[in-house]
Amino acid sequence: MSFFSKPITISLSPNVEKDDIILALKLIFQPWKWKRKHYEKCSRSVELEDEFKNYLGVKYSFAFNSGRSAYLAILNSLELEKDTQILLQAYTCNAAVNPIIWSGFKPVFVDIDETLNLNPEDLQKKISPETKVMIIQHTFGNPAKIDEISKIAKENNLTLIEDCAHSLGAQYHGQKVGAFGKAAFFSFSRDKVISSVFGGMAVTNDDEVAKKIKDIQEKCDEPSNFWIFQQLLHPILVNYLILPFYGFFGLGKWILIGFQKLKILSKAIHKIEKQGRKPGYFSKKMPDALAILALNQFRKLERFNKHRKEIAEFYYQNLKGLGFILPEKNENAEPIFMRYSVLLPNYLDSDLILKKARQQNILLDDGWRKTPIVPPDTNLEKMKYISGSCPQAEKTAKQIVNLPTHINIFKEHAQKIVNFLKKF
Ligand SMILES: Cc1ncc(COP(=O)(O)O)c(C=O)c1O
């Protein structure tokens, strides 16, 4: 292994290709392109909204500076009473919980099934008279049991919102996820299906909800120039300075931490969010600079997802029958496998596996492990999570190792990961 060879990695801007880096570099020197144009139709964010809604086959779409901002806009458009209970699954990210808390509502956690999505049986049990909304997450691009969950929502008069942060392009009954509920949101953050470092989209077919989200979006400011500059630097520095030095006594990691401390690079999740608090850069509109990055990635989506499915199939063929629990899919679902989740047998310690992988320059820690609300240093009390309330999610978080499927993972990388896992 050469000191300067890039590691195999699941995170750290995984979708970025050369053209994305050149685009980000050019944009740094074109600050007049960063903000939305006053004449809206010329805005690249509006172009992204239009392409996005055509792709999904929905009536309305609204671009924000993150999935969290899009999610907040949807929740606020519902005009719910304070302390309304909102159901969502455990084994999720604090970014899927905080917008509920920030909006003054109460998250109630539902356990997961074998597809790492909402378990309909536990969902039934957690409904109370105060419940008005349920969030349906399609974890790692694997669609949840939408038929069963929609039926429960209907019977109990609950509003269904899809969390499609991981699932752009995944299908259910041949229809893309994102149009099964009252509204849905997507994420373009750094390690999602497509990436503009930060970014997100709210979509709906409902005229009333659309009108309210539009009002909310119009009232949002755009992020500051410095914030935009920070995001444009991200793909460039990660690819040319950070990743190449990862194998050199971990120097790349220290460069990353240093840049984040100096605020030259942003973090995906601000440390105050782990305590349930909201950073000042939410909610904002999507600036044009990030829409340009997102559009470039969006036009490569079909290739990205085809590749993900092929790598997932490779893992399946090479890891089946070896004692690992491999992903299952629901009937009628066509996953895109943003990541390929492997559950280790009980006798294997995931910390040890990740450590040994790291020694071979394979970075498999995506932060989606250890606790039912990730990343692992999230304050569960502040998230209103009651310990023991979702035992399957807690167990899964301890046993899981996610494998990369992104466009920069070639068959030989997947083979190296398979060879590594087979040793156990
Ligand atoms: C399941 C889930 N929902 C929502 C979000 C929020 O998306 P964003 O990071 O774009 O705010 C994330 C990502 O962090 C997520 O993983």
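Residues numbered from 1 in each chain as written. Predicted model: local features only at pLDDT ≥ 70, side-chain atom pairs only at ≥ 80, totals over all residues. Heavy atoms only, no water.

Some words on the overall build of the protein chain
Which entries qualify depends on this criterion: By definition, any uninterrupted DSSP run of H or I lasting at least four residues is a helix, any uninterrupted run of E lasting at least two residues is a strand, and each is numbered from the N terminus. As a reference, a globule follows 2.2 Å times the number of residues to the power 0.38, and the radius of gyration itself is taken over C-alpha atoms. In this analysis, two residues are considered to be in contact whenever any of their non-hydrogen atoms come within 4.5 Å of each other. Residue-level accessible areas treat just the shown protein chains as cover; the underlying method is Shrake-Rupley with a 1.4 Å probe. His is not counted here, nor are the chain ends, while Lys and Arg score as positive and Asp and Glu score as negative. A single reference atom marks each charge: NZ on Lys, CZ on Arg, CG on Asp, CD on Glu.
Tallying secondary structure elements over the protein chain gives 14 helices and 16 strands in all. In terms of overall size, the protein chain behaves like a compact globule, its C-alpha atoms giving a radius of gyration of 20 Å where 424 residues would be expected to give roughly 22 Å. Once local pairs closer than 6 in sequence are excluded, the contacts in the protein chain between residues at least 24 apart make up 75%. Carbon and sulfur atoms provide 54% of the accessible area of the protein chain, an area that totals close to 17,700 Å². Side-chain charges of the protein chain comprise 60 positive and 46 negative groups, with the mean position of each set lying 7 Å from the other.

Quick word on the side chain of Gln89
Rules: Residue burial is assigned from relative accessible area. The probe radius is 1.4 Å, only protein chains are included, and a residue is buried under 20% of its type maximum, exposed over 50%, and partly exposed in between. Two N or O atoms count as a polar contact when they lie within 3.5 Å, although within protein this holds only if one can serve as hydrogen donor and the other as acceptor, and sequence-adjacent residues are included solely when both atoms are side-chain atoms.
Tracing the sequence through the fold places Gln89 in strand S3 (residues 85-89). Given the relative accessible area of 1%, Gln89 is considered buried. At a separation of 3.0 Å, a polar atom in the side chain of Gln89 contacts the main-chain carbonyl oxygen of Tyr91. Polar side-chain contacts of Gln89 include one of 3.0 Å to the backbone oxygen of Leu116.

So, the packing of helix H8 (residues 225-242) against helix H9 (residues 251-261)
To be explicit about the condition: Helix axes are fitted to C-alpha atoms over the stretch in contact, other axes to C-alpha atoms as well, and angles between N-to-C directions run from 0 to 180 degrees. Any angle between 65 and 115 degrees counts as roughly perpendicular, while under 35 counts as roughly parallel, over 145 as roughly antiparallel, and the rest as oblique. Helix crossings get a hand from a simple test, with the near helix turned counterclockwise from the far one by less than a right angle marking a left-handed crossing and a clockwise turn marking a right-handed one. Any residue outside Ala, Val, Leu, Ile, Met, Phe, Trp, Tyr, Cys, Pro, Asp, Glu, Lys and Arg is labelled polar, Gly included; the first ten of those are nonpolar and the last four are charged.
Remark: H8 packs on H9, axes separated minimally by 10 Å, with the N-to-C direction vectors making an angle of 150°. Considered as vectors, H8 and H9 are oriented roughly antiparallel to each other. Relative to H9, the crossing made by H8 is right-handed. Facing Leu237, Leu241 and Ile242 of H8, the residues of H9 in contact are Gly252, Ile255, Leu256 and Phe259. When grouped by side-chain class, the residues that make up the contact of H8 with H9 number six nonpolar, one polar and no charged.

With respect to the site of the ligand
Spelled out, the test is: Any residue with a non-hydrogen atom lying within 4 Å of a molecule or strand is treated as near it.
Contacts to the ligand come from 16 residues, most closely from Gly67, Arg68, Asp163, Ser187 and Lys192. In the environment of the ligand, an oxygen atom lies 2.7 Å from a nitrogen or oxygen atom belonging to the backbone of Gly67. At a separation of 3.2 Å, an oxygen atom of the ligand approaches a polar side-chain atom of Lys192. When the free accessible area of the ligand is taken as 380 Å², the share hidden by the protein chains comes to 98%. The class makeup of the residues in the shell around the ligand is six nonpolar, seven polar and three charged.

So, the nonpolar core
Threshold: What we call a nonpolar core is a set of buried Ala, Val, Leu, Ile, Met, Phe, Trp, Tyr and Cys residues that are connected through their side-chain atoms within 4.5 Å.
Judged by nonpolar contacts, the single largest core of 118 residues is most densely connected at Leu48, Phe52, Tyr91, Met134, Leu168, Phe186 and Phe188. The residues touching Phe188, leaving out its near neighbours within four places in the chain, are Leu48, Phe52, Ile194, Ser195, Ser196, Val197, Phe198, Gly199, Gly200, Met201, Met286 and Ala294. One finds Phe324, Ile353, Ala357 and Ile409 within the second-largest nonpolar core, a separate group that totals 26 residues.

Some remarks on the sheet that holds strand S8 (residues 171-172)
Two modes of strand pairing occur in sheets, parallel and antiparallel, and in both the strands are linked by backbone hydrogen bonds. Going by this rule: Any two strands between which DSSP finds at least two bridges are classified as paired.
The sheet built from three strands is open, its strands ordered S9-S8-S12 with antiparallel pairing. The open sheet has two edge strands with one neighbour each: strand S9 (175-176) and strand S12 (333-334). In this sheet, S9 lies alongside S8 in antiparallel orientation, the contact comprising two bridges. Bridge pairing in S9 places Tyr172 opposite Gln175.

Considerations on the state of the cysteines
To keep it simple, the criterion reads: Whenever a pair of cysteine sulfur atoms sits within 2.5 Å, that pair is classed as a disulfide.
For the structure on display, the rule yields zero disulfides. Between Cys93, a cysteine without a disulfide, and Cys164, which holds the nearest cysteine sulfur, the sulfur-to-sulfur distance is 16 Å. A relative accessible area of 14% places Cys93 in the buried class.

Observations concerning the layout of surface pockets
What counts, and what does not: Within this scheme a cavity is a closed region of a 1 Å grid, computed over the protein atoms alone, that accommodates a 1.4 Å probe without allowing it to escape, whereas a pocket is open but has protein on both sides within 12 Å along at least five of seven lines; lining residues each have an atom within 4 Å of a point. Grid points are joined across faces, edges and corners, and a volume is the space filled by probe spheres set on the points. Segmentation into domains, and thus their bounds, comes from an automatic or database assignment.
The space that makes up the second largest pocket amounts to roughly 430 Å³. Lys6, Pro7, Leu243, Asn408 and His413 are the residues nearest the centre of the second largest pocket, which is lined by 24 residues in total. Mapped onto the lining of the second largest pocket, the elements with two or more residues apiece are strand S1 (8-9), helix H1 (18-28), H8 and helix H14 (411-422). Its residues placed into classes, the lining of the second largest pocket shows 11 nonpolar, nine polar and four charged. Both domains that meet at the lining of the second largest pocket, namely domain 1 (8-25 + 224-279) and domain 3 (301-422), each give it at least three residues.

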